[in-house]
Amino acid sequence: MNVLAVLELLANDGTRVVIRDNDFHILATGFKFSWDVKRYYFDTVDSFTWQNDGNLFIDIDGI
């Protein structure tokens, strides 16, 4: 599953998205259509966490 697939399932326009590497270093933060987040649309997702306060943390594989 890639980042874009997770965003299509869980994120709306108001969801804050945080992209992290395997060591939990932040690579990008923003909203679904932010340029920083778009850079990672086709990267493979290792895991993700959605919080009720509108935050979505996506951990990508291989960075």
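Note that the structure is a prediction, hence the values are computed from the model and not measured.

Cut-offs applied
- Residues numbered from 1 in each chain as written.
- Predicted model: local features only at pLDDT ≥ 70, side-chain atom pairs only at ≥ 80, totals over all residues.
- Heavy atoms only, no water.
- Helix = DSSP H or I, 4+ residues; strand = E, 2+ residues; numbered from the N terminus.
- Polar contact = N/O pair within 3.5 Å; in protein donor to acceptor, adjacent residues only side chain to side chain.
- Core = buried A, V, L, I, M, F, W, Y, C linked by side-chain atoms within 4.5 Å.
- Buried < 20%, exposed > 50% of the residue type's maximum accessible area, 1.4 Å probe, protein only.
- Contact = heavy atoms within 4.5 Å.
- Phe/Tyr/Trp six-rings, centres within 6.5 Å; stacked < 30°, edge-to-face > 60°.
- Lys NZ or Arg CZ within 6 Å of the ring centre and 35° of its normal.
- Arc of directions from axis to C-beta.
- Pairing = 2+ DSSP bridges.

(A) Fine view of the side chain of Asp21. Relative to the assigned elements, Asp21 resides in the loop between strand S1 (16–20) and strand S2 (26–30). Engagement of the side chain of Asp21 in a polar contact is seen with the backbone nitrogen of His25, the distance being 2.8 Å.

(B) Structural detail: the nonpolar core. Residues Val3, Leu7, Ile19 and Ile58 are the most contacted members of the largest nonpolar core, which totals 14 residues. Where this core is concerned, the elements lending two or more residues are helix H1 (3–10), S1 and strand S4 (55–60). Those residues within four positions of Ile58 in sequence are excluded, and the remaining contacts are Val3, Val6, Leu7, Val17, Val18, Ile19, Arg20, Val45, Ser47 and Phe48.

(C) Quick peek at the packing of aromatic side chains. Per the stated rule, a full pass over the model turns up 1 aromatic pair. Relative to Phe42, the ring of Tyr41 has its centre 6.5 Å away and its plane inclined at 80 degrees; by these criteria the two rings are edge-to-face. Sitting above the plane of the Trp35 ring, Lys38 keeps its charged end 4.4 Å from the centroid.

(D) Highlighting H1. Within H1 the residues assigned to the buried category are Val3, Val6 and Leu7. In a view along the axis of H1, the buried residues occupy a sector of 100 degrees, so they form one face of it. Exposed and facing more than 90 degrees away from the buried side of H1 are Glu8 and Leu9. Where H1 is buried, its residues meet S1, helix H2 (35–38), strand S3 (45–50) and S4.

(E) Looking closely at the environment of Asp23. Assignment of secondary structure puts Asp23 in the loop between S1 and S2. When the C-alpha atoms of Asp23 and Asp59 are compared, they prove to be 8.9 Å apart, with 36 residues separating the residues in sequence.

(F) A look at the pairing of S3. Judged from the 5 bridges that link them, S3 and S4 form a sheet pairing that is antiparallel. The residue of S4 that forms the bridge with Ser47 is Asp59. In this antiparallel pair of consecutive strands, S3 and S4, the connection spans 4 residues, and Gly54 shows a positive phi of 90 degrees.

As far as function goes, none of this settles anything; it's purely spatial.
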